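The residues making up each chain are set out below.
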Amino acid sequence: MTGSRRQALSRRTLIGAGLGIGAAAFTTAAGSGTARAAVAKGAAGNSGERRAYTFLAAAQDAYPQHGAIRLAQSYTDQAGLFSTAFTYDNALAILALLAVRTKDGQARAMALGDALLFAQAHDPGYDDGRLRQAYNVGPYTFYDGSPQPDGFVRTDGRANVGTQFGFTGTAVGDMAWAGIALSALAERTGARRFLAGALRIGTWIERNGRTEEPLGGYKFGVDGAGKALPYTSTEHNTDLIGLFGRLARLTGDPVWLERRARAKAFVGRMWEPSGGFFYTGTNDGVTINRSPIPEDTQTWTHLALASPAHARSLDWATSELAVLDTADRRNSTVPAGQSYEGVTFSSASLLADEDAPIAPSQPKPDRHGVWFEGTAHLALALRTRHAPGDEARARRLLASLERAQDLLGQDQTVGGRALTARCGVVSASSPLDTGFGFGYYPYRHTGATAWYLLAASRTNPLRA
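Residues numbered from 1 in each chain as written. Predicted model: local features only at pLDDT ≥ 70, side-chain atom pairs only at ≥ 80, totals over all residues. Heavy atoms only, no water.

Considering the overall build of the chain
Okay, step 1: Check the secondary structure of the chain and you find 13 helices and 18 strands.
Okay, step 2: Computed over its C-alpha atoms, the radius of gyration of the chain comes to 20 Å, within 12% of the 23 Å expected for a compact globule of 464 residues.
Okay, step 3: Along the three orthogonal principal directions, the C-alpha set of the chain runs to about 55 × 55 × 45 Å.
Okay, step 4: In the chain, buried positions account for 63% of the 464 residues.
Okay, step 5: Counting every atom, the chain has about 16000 Å² of accessible surface; 52% of that belongs to carbon and sulfur.
Okay, step 6: Of the side-chain charges in the chain, 48 are positive and 42 negative, and the distance between the mean point of each set is 5 Å. (Helix = DSSP H or I, 4+ residues; strand = E, 2+ residues; numbered from the N terminus. Rg over C-alpha atoms; globule rule 2.2 N^0.38 Å. Buried < 20%, exposed > 50% of the residue type's maximum accessible area, 1.4 Å probe, protein only. Areas by Shrake-Rupley, 256 points an atom, 1.4 Å probe, with all protein chains shown as cover. Lys, Arg positive; Asp, Glu negative; His and termini not counted. Charge placed at Lys NZ, Arg CZ, Asp CG, Glu CD.)

Let's talk about the side chain of glutamine 73
Okay, step 1: Summarising the element assignment, glutamine 73 is placed in the loop between α2 (47–60) and β1 (84–86).
Okay, step 2: By relative accessible area, glutamine 73 is classed as buried at 0%.
Okay, step 3: Reaching out from glutamine 73, the side chain makes a polar contact with the backbone oxygen of phenylalanine 82 at a distance of 3.3 Å.
Okay, step 4: Sequence-distant contacts of glutamine 73, defined by excluding residues within four places in its chain, comprise Ala59, Ala62, Tyr63, Phe82, Ser83, Thr84, Ala85, Val137, Val414, Gly415 and Thr446. (Polar contact = N/O pair within 3.5 Å; in protein donor to acceptor, adjacent residues only side chain to side chain. Contact = heavy atoms within 4.5 Å.)

A closer look at the packing of aromatic side chains
Okay, step 1: One pass over the structure, following the stated rule, counts 31 aromatic pairs.
Okay, step 2: Seen from their ring centres, tyrosine 135 and phenylalanine 152 are 5.7 Å apart, and the 85° between their planes marks the pair as edge-to-face. Taken together, the residues span a long stretch of sequence, with tyrosine 135 in strand β2 (residues 134–136) and phenylalanine 152 in the loop between β4 (147–148) and β5 (170–171) at a distance of 17 residues.
Okay, step 3: With a relative accessible area of 1%, phenylalanine 152 lands in the buried category.
Okay, step 4: Ring pairing ties together the aromatic residues Tyr75, Phe82, Phe86, Tyr140, Phe142, Tyr143, Phe165 and Phe167, which thus form one cluster. (Phe/Tyr/Trp six-rings, centres within 6.5 Å; stacked < 30°, edge-to-face > 60°.)

Topic: helix α3 (residues 87–99)
Okay, step 1: Helix length check: α3, at 13 residues, gives a terminal C-alpha distance of 19 Å against a target of 18 Å (1.5 Å per residue), a fit within 8%.
Okay, step 2: Once α3 finishes, arginine 101 follows within two positions and takes phi at roughly 55°, a positive value. (Expected span 1.5 Å × (residues − 1).)

Side note on the sheet that holds strand β6 (residues 221–222)
Okay, step 1: One open sheet holds the three strands; their spatial order is β5-β6-β7, and the pairing between them is antiparallel. Strands at the two margins of the open sheet, each flanked by one partner only, are β5 and β7 (228–229).
Okay, step 2: Judged from the two bridges that link them, β5 and β6 form a sheet pairing that is antiparallel. Of the residues in β6, the one forming a bridge with alanine 171 is glycine 221. (Pairing = 2+ DSSP bridges.)

Regarding the confidence of the model for the chain
Okay, step 1: Scored by pLDDT, the chain has a mean of 92; 90% of the residues are at 70 or more.
Okay, step 2: Contacts for the low-pLDDT stretch residues 1–11, under 50 throughout, to residues beyond four places or in other chains number 49 contacts.
Okay, step 3: A low-confidence stretch, residues 14–42 stays under pLDDT 50, and its non-local contacts, those more than four residues away or across chains, total 73 contacts. (pLDDT = per-residue confidence, 0-100.)

A closer look at the packing of helix α5 (residues 172–189) against helix α6 (residues 192–209)
Okay, step 1: Axis separation between α5 and α6 bottoms out at 8 Å; the angle between their running directions is 155°. Considered as vectors, α5 and α6 are oriented roughly antiparallel to each other. Here the hand of the crossing between α5 and α6 comes out left-handed. Contacts between α5 and α6 involve Val172, Met175, Ala176, Ala178, Gly179, Leu182, Ser183, Leu185, Ala186 and Thr189 on the former and, on the latter, Phe194, Leu195, Gly197, Ala198, Ile201, Trp204 and Ile205.
Okay, step 2: Considering only residue class, the contact of α5 with α6 consists of 13 nonpolar, four polar and no charged. (Axes fitted to C-alpha atoms, helices over the stretch in contact; angles between N-to-C directions. Parallel < 35°, antiparallel > 145°, perpendicular 65-115°, else oblique. Left-handed = near helix turned anticlockwise from the far one by under 90°. Nonpolar A, V, L, I, M, F, W, Y, C, P; charged D, E, K, R; others polar.)

Examining the side chain of threonine 238
Okay, step 1: Structurally, the position occupied by threonine 238 is in helix α7 (residues 234–251).
Okay, step 2: Once residues within four sequence positions are removed from consideration, threonine 238 is found in contact with Val267, Trp300, Thr301, Ala304 and Leu462.

Thoughts on the pattern of salt bridges
Okay, step 1: The final tally for this structure, using the stated rule, is 25 salt bridges.
Okay, step 2: With a shortest N-O distance of 2.7 Å, arginine 108 and aspartate 61 are connected by a salt bridge. Residue arginine 108 is found in helix α4 (residues 103–121), and its partner aspartate 61 is found in the loop between α2 and β1; the two are separated by 47 residues along the sequence. The pair formed by arginine 108 and aspartate 61 is uniform in burial state, with each residue classed as buried.
Okay, step 3: Measuring nitrogen to oxygen at the nearest pair gives 2.9 Å for the salt bridge that ties aspartate 315 to arginine 385. Taken together, the residues aspartate 315 in helix α10 (residues 312–320) and arginine 385 in helix α11 (residues 372–385) connect sequence positions 70 residues apart.
Okay, step 4: Looking at aspartate 315, the relative accessible area reads 37%, which means it is partly exposed.
Okay, step 5: A relative accessible area of 19% means that arginine 385 is categorised as buried.
Okay, step 6: Via salt bridges that share partners, Glu206, Arg210, Glu212, Glu258, Arg259 and Arg262 belong to a single interconnected network. (Salt bridge = Lys/Arg side-chain N within 4 Å of Asp/Glu carboxyl O.)

This is the structure we're talking about:
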């Protein structure tokens, strides 16, 4: 993407038109005794993992009075996104719940998978297999005073798309992760409905994303009005390597191998051999964008490819994006006496203007804020590479994540309900400017928590 904050997009950017600011589901209240009891039966390996699982269960159970078909709320209420459930975060939650390998975890993962299938089959505007960037999963009153009374299933029987914030577009990366999650469910359970949903996703991406531009690959997706977006993302095409590879293996159809090779070729063109890193993508299909350089294009490429020729990307991320957040930093919100190590979002995060808010009505950024989601997938990628020192480094990063879960984001809620103490990883240690036009903040986050569980369990979602 481009260095211009106005033009830059990533999977997490709002891509709505008119940009604004399962029956197996459980009905326990957030952090309730039932959820805690299930975790106590061995939902994860250590206390940090058990508490992470408790958070995912609470996020899924935040609105029990609004039916059994539900997604997990992405952030705690304090983030100001109300009941927003991002498709990407829920795909990660499915993969993390499967990674704990318990009956309760599988049942919860299946419930989330069925909710994604419901959204696919009951979109308010389309019947082509797409999923939107995000959905609402519970009632709230918006900032302008307008009531939003529905849960995930609207009174008209349609999925409750996140229109208030403009989360109405469909990104190839979000779709790919949903497809990976549904494919994993199909493999674990043998249920054909999950594979059928994943195949609909793959077909939608082929139909709407494939490009014959010089750099090739698959484009970004469409906005909420169905208009194609011009960008092509390294991250998205990396996701497709994972999705298309799974579909090839599950179906035996070689067409998915051809599509995987196409995505892989684009990713290869983004490699910078002199620096040992991957660029973020292209705006026009012709020119490679050389700044900012994000973290996830370094870690996910290794998770998807395990390529010795490109393994240096992890060294680049480890050295060039390393941060240590301490209370004495200018805009740090870390409490006195605490410190957290990890990586930041991109090269631009290290150059953020600390005198200006990240966005209107938001705080000023801390250049040394730790992006915990990225720190988790770096830990997993290091564990996957197995080079000398990788495991020790990964353990330090995991220790930082576990300390953050213990100490940051206290007294936060989901669906207005108090969370069990010390459960859920915040998205960032302090306000963090990504360099792509949005920020991360110290709110407990489904996506960051899921990546922690994947790293702790050594589960690589991009290589089945």
